[in-house]
Amino acid sequence: PWGGQISDVENVLEFAQEHNKPTMIAESTPFGGIELKQASKEAKENINATFDPWDRWYGQVIEIIKKYDVSMWCYINCDWESQPQWHNVGFGETRLSSNKEVMSKWHEQIMIGKSNRTFLHLGALDNCGSTILSTNSGEDSDEDWFTPDHFLSFILVPFIVASAA
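Residues numbered from 1 in each chain as written. Predicted model: local features only at pLDDT ≥ 70, side-chain atom pairs only at ≥ 80, totals over all residues. Heavy atoms only, no water.

A. Highlighting the pattern of salt bridges. The full count for this structure, using the stated rule, is five salt bridges. Here D52 ties to K105 by a salt bridge, and the two come within 3.5 Å at their closest N and O atoms. Note that D52 is positioned in the loop between α2 (41-46) and α3 (53-68) and K105 in helix α4 (residues 100-111), a separation of 53 residues in sequence. Classification of D52 by relative accessible area gives partly exposed; the value is 25%. (Salt bridge = Lys/Arg side-chain N within 4 Å of Asp/Glu carboxyl O. Helix = DSSP H or I, 4+ residues; strand = E, 2+ residues; numbered from the N terminus. Buried < 20%, exposed > 50% of the residue type's maximum accessible area, 1.4 Å probe, protein only.)

B. Quick peek at the packing of aromatic side chains. Tallying each qualifying case throughout the model produces twelve aromatic pairs. An angle of 85° between the planes, with centres 4.9 Å apart, marks the rings of W57 and Y58 as edge-to-face. As far as burial versus exposure is concerned, W57 and Y58 are alike and both buried. Grouping aromatic residues by their ring pairs yields a cluster made of W54, W57, Y58, W73, Y75 and W106. (Phe/Tyr/Trp six-rings, centres within 6.5 Å; stacked < 30°, edge-to-face > 60°.)

C. Unusual backbone geometry, seen in detail. Positive phi outside glycine occurs at E27, with the angle close to 45°. By the element assignment, E27 lies in strand β1 (residues 23-28). Positive phi, normally seen in glycine, also occurs at L36, with a value near 65°. Residue position: L36 is located in the loop between β1 and α2. A relative accessible area of 2% places L36 in the buried class.

D. Seen up close, the packing of α3 against α4. Interhelical geometry of α3 versus α4 gives an angle of 20° and a closest axis separation of 11 Å. Judged by the angle between their axes, α3 and α4 are roughly parallel. Judged by the twist between their axes, the crossing of α3 over α4 is right-handed. On α4, the residues that touch P53, W54, Y58 and I62 of α3 are V102, K105, W106, Q109 and I110. Among the residues making up the contact of α3 with α4, the classes are represented as seven nonpolar, one polar and one charged. (Axes fitted to C-alpha atoms, helices over the stretch in contact; angles between N-to-C directions. Parallel < 35°, antiparallel > 145°, perpendicular 65-115°, else oblique. Left-handed = near helix turned anticlockwise from the far one by under 90°. Contact = heavy atoms within 4.5 Å. Nonpolar A, V, L, I, M, F, W, Y, C, P; charged D, E, K, R; others polar.)

In structure tokens form, the structure reads like this:
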């Protein structure tokens, strides 16, 4: 009932590339939770529930980001079950800190950059709109950090929320 096929996502991303449009993955989270504890029986039957949670969802998202040069990725890091409006919906526990291995790989791949991508994090936009120093000469540059122009013309990707992404 949730999500779709990875081919649907790739079709949208290929369309965006063909039209030189940047893309973003918005409000993404592994449906059923990191451990799939809240996934339905049907969902668990459709995926290998013993499959490593990093490889099952996070690793695949990072591969898509690399393959299609996705410009922005928003991850929802929360315990859905603890919120009355989301209780028993099926999203589950998606806080990175709820799984030691996922947290370790997140730190390795996202925080310190072993995925060969640069990710902005909370607080990373503190200098938004300010002039940056050139790394070559130490002088001011006309280049700005992240400006509102960076937000225009994005194609929003309806990314699969199912853990079987």
